Amino acid sequence: MDVATSTGRITRVNGPVVRISGLTGVVRFEYVEVGELRLPGEIIAIEPDGVIAQVYEYTGGLGVGQQARASGHPLSVELGPGLVGGIYDGLLRPLDDAGEFLPPSGLTRPASTSHDFVPLVAPGTTVAAGDALGSVATHAGFDHLVLVPPGLGGLLDRIVPAGTYDSDDTIATIADRPVSMVTPWPIRHPRPALQRRSDRQPFVTGQRVLDVLEPIAGGSSATVIGGFGEGKTMLLEQVAKWGDADVIIYVGCGERGNELADLIEELSDLVDPRSGRQLLERTIILANTSNMPVMAREASIYTAVTIAEYFRDMGLHAVIIADSTSRWAEARRELASRTGAIPAEQGYPADLPASLAAFYQRAGRVTTIGGRDGTVTIITSVSPPGGDVTEPVAAHTQRFVQAVWALDRELAYARHYPAISWHDSFSRDGDAVARWHAANGDPEWASRRARLQSLLNEADRLQDIADLVGLTALPTDERLALLTARLVREVILQQSALSDNDASCSLAKQSALVQAVLDVEDATRSLGRAGVPASVIESFDFGTLVRVKDATGSDDAAGVRRVATETITELERLSP
């Protein structure tokens, strides 16, 4: 820890908010340590008679007159090899060997670890910020690049030969400045990039309702909005398991500890299709559960996005899964009430929209300062009280994200999972994803998606009429529209997280399933025009088609097409 620039004394303790006098030359968001245990905190306000700090630990035992120390730098985390596969708290303190209970403690540095370093440049080379000095092998399916830190560049005076070194060892000297494998970075400051990229490609989640109806692009942002028991956590866990990312940063922000423990156990058991090892080995878990200090939630999402940007700079694709930002916003509300800030809607601070916007703005696909292509994709959940999507956190989040995946309570109670509502969900990335599909051999993707959306909307309209007058009172084409919508829900939108074959679905199989349902719709409408009664078509056994998603492998598009052909052949036999 750096030598303190100044010291002061605590004059008041109000929960996680501490007033300090005597600190000089400090700035807002400077890192401070308070009390005998050197509890970590940040300065959040500077007043004529002292400063106000928020403390990220339980403050029981702090008293007036105890010492506080300013550090001269903002709250930072140390980024380097060995992060992937670890479990940390919101300040990136390791929890792997933690006891059953976590006593308040200071911001201690992680222990130095040994890594096999391979240099990629020779002494005498001129290097710039973002250039790769060397690499470290990992079990995560990629090599960890050791980069020239932002703001540093010049002549490479010295670099160590290939070998095993501690993460704190000096592995290079650039313009007389030592460089190690570990780089500190302030969590509230975005890491620099050369430029944002406008070309987009889909972030494939493996969940059909998302990839087909409400897709997002890599480097985009999305949120899951739903009430208790509607499947938010399970959906986020599925995205974490099967999403198209090199590095997964999972943030348990104020959620129940047993849910996070279940996730860790599942990730340990799940085999990573890229490496054949545990999926946990390319996952970083930040655990700030509901029984941990509330203010640490406020720092956890900034820690997560800083880690994601660090891996983005290596040319990797990182995804942040944050469950949930509602708990983060509640922490900000508690802080605002304790500091006497003027409350806005429902007591939340007036700067809540700006804070949400700043967080989601750090998502993106960029050209890094080293010239690589990297992305940070942010996926969060919002848990509005009583399922009220008009409350401030949900309402403001919908303004800033590119996709909203809204959960439907009626679908959840009907055991339709994922319980994504096709009415209330939306994606602003649909056109960009459609262009990518068109450029990669699937020009009909957009038209199929539009046709599915039209079918679902029309069926919902007709269902209201059928509930009033009865199904048999509807004309044949409308009854067939309801039949097709049922097949869309059962064949495409429903997906079991417990199925060996259907927990994840490739883009090829998704397209085959969609086309199968649309081809069946065309066949049934042809039969209707040929005079076949709607009741006869409705009584046809579509079970083989409904079960094909479970009966074929996650990438078996050919098997789907074969079953679809057999189903249509059987249908055509109904023709007079």
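For the structure, check the block above.
So, here's what we can say about the structure. Keep in mind it's a predicted model, so treat the numbers as computed, not measured.

### Here we look at helix H3 (residues 257-269)
A turn of α-helix holds 3.6 residues, and therefore any two residues three or four places apart point the same way. Over its 13 residues, H3 runs 19 Å from end to end, which matches the ideal 18 Å to within 8%, given 1.5 Å per residue. Of all the positions in H3, only Glu259, Leu260, Leu263, Ile264 and Leu267 are classed as buried. Here the buried residues of H3 occupy an arc of 140° about the axis, which is enough to place them on one side. Seen from the buried face of H3, the exposed residues on the opposite side, beyond 90 degrees, are Glu265 and Asp269. Summarising the contacts, the buried residues of H3 are in contact with strand S8 (87-88), helix H2 (232-242), strand S20 (247-253) and strand S21 (283-288).

### Here's the deal with unusual backbone geometry
At the junction of Asp323 and Ser324, the peptide bond is cis and its omega measures out at 5° in the coordinates. Its place among the elements puts Ser324 in the loop between strand S22 (317-323) and helix H5 (325-339). With an omega dihedral of -10°, the bond running from Tyr417 to Pro418 counts as a cis peptide bond. You can see Pro418 is positioned in the loop between helix H8 (409-413) and strand S26 (426-427). Despite not being glycine, Leu92 has its phi angle at roughly 65°, a positive value. For Leu92, the location among the structural elements is in the loop between S8 and strand S9 (114-119).

### Some points on the sheet that holds strand S15 (residues 170-174)
For sheets, the rule is that strands pair by backbone hydrogen bonds, running either parallel or antiparallel. Reading across the sheet, the 4 strands line up as S10-S13-S15-S16 and stay open at both edges, with antiparallel pairing between neighbours. Taken across any chain shown, the strands that pair with only one partner, and hence form the sheet edges, are strand S10 (126-127) and strand S16 (177-180).

### Thoughts on the pattern of salt bridges
Summed over the entire model, instances satisfying the criterion amount to 31 salt bridges. Notably, a salt bridge pairs Arg277 with Glu281, separated by 2.6 Å at the nearest N-O pair. Judged by its relative accessible area of 36%, Arg277 falls in the partly exposed class. Taking the shortest distance from any N to any O, the salt bridge between Arg312 and Asp313 comes out at 3.0 Å.

### A short note on the packing of aromatic side chains
What the rule picks out here adds up to 4 aromatic pairs. With a centroid separation of 5.3 Å and 75° between ring planes, the pair formed by Tyr310 and Phe311 is classed as edge-to-face. The same class applies to Tyr310 and to Phe311, which are both buried. Look at Phe540 and Phe542: their rings are 4.9 Å apart centre to centre, the planes differ by 70°, and that puts the pair in the edge-to-face class. Accessibility expressed as a relative area gives 17% for Phe540, which makes it buried.

### Quick look at the sheet that holds strand S2 (residues 17-21)
Spatially, 6 strands are ordered S1-S2-S5-S4-S3-S6 in a closed barrel, and the strand pairing comes out antiparallel. Neighbour to neighbour, the strand axes of the sheet diverge by 45° on average, direction disregarded. Bridge count for strand S1 (residues 6-14) against strand S6 (residues 67-74) is 4 bridges, and the pairing is antiparallel. For Arg9, the partnering residue across the bridge sits in S6 and is Gln67. Relative to S2, H5 is tilted by about 45°, and along the sheet it contacts S1, S2, strand S4 (39-47) and strand S5 (50-55).

### Concerning the packing of helix H12 (residues 507-529) against helix H15 (residues 557-572)
With their axes 9 Å apart at the nearest point, H12 and H15 run at an angle of 10° to one another. One way to sum up the angle between H12 and H15 is to call them roughly parallel. Side by side, H12 and H15 meet where Ala508, Lys509, Ala512, Leu513, Ala516, Asp519, Val520, Ala523, Thr524 and Leu527 of the first sit next to Ala557, Val560, Arg561, Ala564, Thr567, Ile568 and Leu571 of the second.

### Some thoughts on the packing of helix H6 (residues 352-361) against helix H7 (residues 392-400)
Each pair of packed helices gets described by two things: the angle between the helix axes and the distance between those axes. Where H6 contacts H7, the two axes come as close as 10 Å, and the packing angle between them is 40°. Looking at the two axes, H6 sits oblique to H7. The handedness of the crossing between H6 and H7 comes out as right-handed. Taking contact as the criterion, the partners of Leu352, Pro353, Leu356, Ala357 and Tyr360 in H6 are, on H7, Pro392, Val393, His396, Thr397, Arg399 and Phe400.

### Comments concerning H15
Its 16 residues give H15 an end-to-end C-alpha distance of 23 Å, which sits within 8% of 22 Å, the value for a rise of 1.5 Å per residue. Regarding H15, the residues found buried are Ala557, Gly559, Val560, Val563, Ala564, Thr567, Ile568 and Leu571. Taken down its axis, H15 places every buried residue within 165° of arc, on the same side.

Thresholds applied
Residue indices follow the written sequence of each chain, beginning from 1 at its first position. It should be noted that, the model being predicted, local features are given only for residues of pLDDT at least 70 and side-chain atom pairs only at 80 or more, the latter also being counted only at that level, while totals for whole chains, interfaces and linings use all residues. Only hydrogens and water are set aside when side-chain values are computed; all heavy atoms of the structure are taken into account. Secondary structure counts use DSSP, requiring at least four H or I residues in a row for a helix and at least two E residues in a row for a strand, with both numbered from the N terminus. To estimate the expected span of a helix, count its residues, drop one, and scale the result by 1.5 Å. Note on classification: 1.4 Å probe, protein chains only; a residue is buried when its accessible area is under 20% of the maximum for its type, exposed when over 50%, partly exposed between these limits. Comment: arc refers to directions from the helix axis out to C-beta atoms. We call two residues in contact when some of their heavy atoms are within 4.5 Å. Between any two strands, at least two bridges found by DSSP are needed for them to pair. By convention in these notes, a salt bridge is any Lys or Arg side-chain nitrogen within 4 Å of a carboxyl oxygen on Asp or Glu. Aromatic rings from Phe, Tyr and Trp, with only the six-membered ring used for Trp, were paired whenever their centres fell within 6.5 Å, and each pair was classed as stacked if the ring planes differed by under 30 degrees, edge-to-face if by over 60, and tilted otherwise. Axes here refer to lines fitted to C-alpha atoms; in helices the fit is confined to the stretch in contact. Angles between the N-to-C directions go from 0 to 180 degrees. Geometric relationships in this document are graded by angle, where less than 35 degrees denotes roughly parallel, more than 145 denotes roughly antiparallel, 65 to 115 denotes roughly perpendicular, and other angles denote oblique. Two helices crossing with the near one rotated counterclockwise from the far one by less than a right angle form a left-handed crossing, whereas a clockwise rotation gives a right-handed crossing.

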